[in-house]
Amino acid sequence: MRSIEKNRKQRPTAYLPISIKLVVKIALVVLGFCAWGTGFLGALVGLYLFLPILRGILSVIVGLGAIILFLFILLTFL
């Protein structure tokens, strides 16, 4: 019990309702909107929505490339 109280005294910033990382993200979005307008928000929303799809496609391409490279090396040295 004493160690829990000691940890609470040492880390008072751990219980903030909002993180610094989130504040920086919000500030960058506001700055981008001020600089480039609604096109920036549209691109950001599109990136947010389609990023998992792009990661999946990239993963498949990298996997196929690794398999092709492996087969090429295997057939070259045999």
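As the structure is a prediction and not an experimental result, all values here were calculated from the model.

A. How the structure looks around the overall build of the protein chain. Scanning the protein chain from terminus to terminus reveals three helices and zero strands. Burial analysis of the protein chain (78 residues in total) assigns 1% to the buried set. Summed over its atoms, the accessible surface of the protein chain is roughly 7500 Å², and 76% of this surface lies on carbon and sulfur atoms.

B. Seen up close, the packing of aromatic side chains. For the coordinates displayed, the defined rule picks out one aromatic pair. Ring geometry for Trp 36 against Phe 40: centres 5.7 Å apart, planes inclined by 35 degrees, an arrangement best described as tilted. Residue classification places Phe 40 among the partly exposed residues on the basis of a relative accessible area of 21%.

C. Quick peek at a nonpolar patch on the surface. Together, Val 45, Leu 47, Tyr 48, Leu 49, Phe 50, Leu 51, Ile 53, Leu 54, Ile 57 and Ile 61 line one region of the surface with nonpolar side chains, adding up to about 1000 Å² of accessible area. Assignment of secondary structure puts Leu 51 in helix α3 (residues 38-76). Exposure remark for Leu 51: the relative accessible area of 32% places this residue in the partly exposed category.

D. Molecular detail of helix α2 (residues 20-36). An ideal rise of 1.5 Å per residue puts 24 Å on 17 residues; α2 measures up with 24 Å between its terminal C-alpha atoms. A positive phi of about 80 degrees marks Gly 37, the residue just after α2.

E. Layout of the packing of α2 against α3. Interaxial distance between α2 and α3 falls to 6 Å at its minimum, and their mutual angle equals 135 degrees. One way to sum up the angle between α2 and α3 is to call them oblique. Here α2 contributes Leu 28, Val 29, Gly 32, Phe 33 and Trp 36 to the contact with α3, which in turn contributes Thr 38, Gly 39, Phe 40, Leu 41 and Leu 44. Classifying every residue of the contact of α2 with α3 gives seven nonpolar, three polar and no charged.

F. Spatial organisation of α3. The end-to-end C-alpha distance of α3, which contains 39 residues, comes to 53 Å, matching closely the 57 Å that a straight helix rising 1.5 Å per residue would cover. Its axis deflected by about 50 degrees at Phe 50, α3 carries its strongest bend there, up to four residues before the proline Pro 52.

About the criteria used
Residues numbered from 1 in each chain as written. Predicted model: local features only at pLDDT ≥ 70, side-chain atom pairs only at ≥ 80, totals over all residues. Heavy atoms only, no water. Helix = DSSP H or I, 4+ residues; strand = E, 2+ residues; numbered from the N terminus. Buried < 20%, exposed > 50% of the residue type's maximum accessible area, 1.4 Å probe, protein only. Areas by Shrake-Rupley, 256 points an atom, 1.4 Å probe, with all protein chains shown as cover. Phe/Tyr/Trp six-rings, centres within 6.5 Å; stacked < 30°, edge-to-face > 60°. Patch = residues over 30% accessible without salt bridge, like charges linked within 9 Å, V, L, I, M, F, W, Y side chains within 5 Å. Salt bridge = Lys/Arg side-chain N within 4 Å of Asp/Glu carboxyl O. Expected span 1.5 Å × (residues − 1). Axes fitted to C-alpha atoms, helices over the stretch in contact; angles between N-to-C directions. Parallel < 35°, antiparallel > 145°, perpendicular 65-115°, else oblique. Contact = heavy atoms within 4.5 Å. Nonpolar A, V, L, I, M, F, W, Y, C, P; charged D, E, K, R; others polar. Bend = angle between axes of the 7 residues up to and from the residue.

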